[in-house]
Each structure stands twice: as C-alpha cells, then as structure tokens.
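Structural characterization, general
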Amino acid sequence: MQRPTPSLIGRLASLCLLLALSGCAVIDVSKSAPLPAKAQWAMLPIVNHTETPLAGLRAESILQPLLHQRGVADLRPYPTSLSKETMLAPDERATLDAARSWAKDEGLRYAIGGSVDEWRYKVGVDGEPAVGLSLTVWDLQTGQVVWSGVGGKSGFSRESLAAVAQKLMRDIVNGLPLSENTGAETR
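Residues numbered from 1 in each chain as written. Predicted model: local features only at pLDDT ≥ 70, side-chain atom pairs only at ≥ 80, totals over all residues. Heavy atoms only, no water.

Some words on the sheet that holds strand E6 (residues 129–139)
Sheets are built from strands that pair by backbone hydrogen bonding, the pairs being arranged parallel or antiparallel. With respect to topology, 6 strands assemble into an open sheet ordered E1-E7-E6-E5-E3-E4, the strand pairing being mixed. Across the chains shown, the open sheet's two edge strands, defined by having one partner strand only, are strand E1 (24–29) and strand E4 (75–77). The average angle at which neighbouring strand axes cross in this sheet is 20 degrees, direction not considered. Sheet topology note: the E1/strand E7 (residues 144–154) ladder contains 6 bridges and is antiparallel. Bridge assignment links Val29 to a residue of E7, and that residue is Gly149. Against the sheet, helix H2 (residues 55–69) touches strand E3 (41–48), E4, strand E5 (110–121) and E6, its axis set at about 150 degrees to E3. (Pairing = 2+ DSSP bridges. Helix = DSSP H or I, 4+ residues; strand = E, 2+ residues; numbered from the N terminus. Axes fitted to C-alpha atoms, helices over the stretch in contact; angles between N-to-C directions. Contact = heavy atoms within 4.5 Å.)

Dropping the structure here:
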C-alpha cells in the first residue's frame, strides 16, 4: 500500500478546514423571470413556526435592509395592527391573508413574506446557532407566487444567532432575480 505524500495530506487538511469554516447551509431558490426592484413592494409578516418568541419579527428586521441593499427602494411594511406575534399561537394564515389584502388594496405590485422554522441555539456543549426559514414573493395583481427560497444554516459556538440568520437570509435574497426596471414594461 502506498503512503500519502505530505503535499496530499496538506491539501486534504486544507479542504477539511475550508469545509469546517464554511458552516453547514442548505439553500434552494426557485427560478423566475427578473422582478422589478423599482416596483412598489410590500413587506408581509414572516410567520414564526418556532418556540422562540418574536423570531418572525427578528427575521423581518434583517430582511428589510437586505432588500434595500438589493435595490428595492419602495418597500412598505404591513401595518403593525396586523401583527399577531405573541406568546399565544396566532392564526398565522389569516394574518398573512390580511397583510396581502392590505398590500393589494394599497396598489402595491409585489409582496414578500415567509416563515421561520428554526431560530435557536442547539442544545449541547457548544450551543451552535441554527436558523431555518423560507421566503415567498407574490405578484399582487395575479395572486400568484412568482419566486420562493428556503434554507437552513447552522453556525459555530462563538457565532451569534443574528449573524447566522443574516448570512442565511442574504444568501437566499441574493437568489431573488431583481431587475432595474419599474415593472410597467413587463406587464
């Protein structure tokens, strides 16, 4: 049997280190035609499916600036009166439907919302942060889903939960195909 050379061992060690430093993430985004960043967008609720209080609101506070960085300048958040996130289990579907109705009544073109499925530090010695979420974009004129993305990411014991959430959400939002037009040209 042939022994591995020191250069091969070094390359394998480098590869293992690179994989370890990248964290564990899984992301899937749908394909869609480019959506106009200059159109009027609504920020819908991000529904909390976790046991962590206010995880949906925390995700919303990360998503909004990420969308602005991608060029979505006219992003209107849903009215706070529609927010039902409390310690009690809300009727999430009704809240999302009400927010979509509000956005359509306002004459907005696209709406983005989603859900948080994991938002916690894992139990154990290291307590790694773990986040799982999905995002959906609706065309409010047709009511159709025009884009969606979902992902999960875990970090390392010294990373903050917010940092892992921001990295995951940025990776998902970077899969959102945005164009510079206003949308009037496409419909």
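Regarding unusual backbone geometry
Its identity as a non-glycine residue notwithstanding, Leu54 has a phi of 65 degrees, on the positive side. Relative to the elements of secondary structure, Leu54 occurs in the loop between E3 and H2. Under the relative-accessibility criterion, Leu54 is labelled partly exposed at 40%. (Buried < 20%, exposed > 50% of the residue type's maximum accessible area, 1.4 Å probe, protein only.)

Some words on the packing of aromatic side chains
Tallied over the entire structure, the rule returns 1 aromatic pair. Ring centres of Trp41 and Tyr110 lie 5.2 Å apart, and the angle between their planes is 35 degrees; this geometry places the pair in the tilted category. In this pair, Trp41 sits in strand E3 while Tyr110 sits in strand E5, placing the two residues 69 residues apart along the sequence. Judged by its relative accessible area of 0%, Trp41 falls in the buried class. For Tyr110, a relative accessible area of 1% translates into the label buried. One residue, Arg100, lies across the ring of Trp138, its end atom 4.6 Å from the ring centre. (Phe/Tyr/Trp six-rings, centres within 6.5 Å; stacked < 30°, edge-to-face > 60°. Lys NZ or Arg CZ within 6 Å of the ring centre and 35° of its normal.)

Quick word on the confidence of the model for the protein
Interpretation of this model should avoid reading the predicted coordinates in detail wherever pLDDT is low. Summing up the model confidence of the protein, the mean pLDDT is 86 and the portion of residues at 70 or higher is 80%. For the stretch residues 15–22, pLDDT sits under 50, and the model shows 3 contacts to residues farther than four places along the chain or on other chains. (pLDDT = per-residue confidence, 0-100.)

So, H2
Taking 1.5 Å per residue, 15 residues should reach 21 Å; H2 reaches 22 Å between its end C-alpha atoms and fits that length. Lining the buried residues of H2 we find E3, E4, E5, E6 and helix H4 (161–173). Where H2 terminates, the next one or two residues include Gly71, which has phi positive at roughly 105 degrees. (Expected span 1.5 Å × (residues − 1).)

Quick word on the packing of H2 against H4
Each pair of packed helices can be described by the angle between their axes along with the distance between the axes. One can describe the packing of H2 onto H4 by two numbers: an axis separation of 10 Å at closest approach and a directional angle of 45 degrees. On the basis of the axis angle, H2 is oblique to H4. Seen along the crossing, H2 lies across H4 with a hand that is right-handed. Counting all contacts with H2, which are made through Ala59, Ile62, Leu63, Leu66 and Leu67, the residues of H4 involved are Ala162, Ala165, Gln166, Met169, Arg170 and Val173. Considered class by class, the residues forming the contact of H2 with H4 number 9 nonpolar, 1 polar and 1 charged. (Parallel < 35°, antiparallel > 145°, perpendicular 65-115°, else oblique. Left-handed = near helix turned anticlockwise from the far one by under 90°. Nonpolar A, V, L, I, M, F, W, Y, C, P; charged D, E, K, R; others polar.)

Quick word on the side chain of Thr50
Residue placement: Thr50 occurs in the loop between E3 and H2. Here Thr50 falls in the buried class, since its relative accessible area comes to 19%. Setting aside residues no more than four positions away along its own chain, Thr50 makes contact with Ala55, Val116, Asp117, Glu118 and Trp119.

Overview of the pairing of E6
Counted residue by residue, E6 has 11 buried out of 11 residues, so it is predominantly covered. Residues Pro129, Val131, Leu133, Leu135, Val137 and Asp139 point to one face of E6 and Ala130, Gly132, Ser134, Thr136 and Trp138 to the other, with burial holding for every one of them. Bridging between E5 and E6 involves 11 bridges; their strand directions are antiparallel. Bridging from a neighbouring strand, Glu118 pairs with Gly132 of E6. Inspection of the sheet shows E6 paired to E7 by 10 bridges, in the antiparallel sense. From the neighbouring strand, Leu133 faces E7, where its bridge partner is Gly151. Following E6, the chain reverses through 4 residues before pairing antiparallel with E7; Gly143 in that reversal takes a positive phi of roughly 80 degrees.

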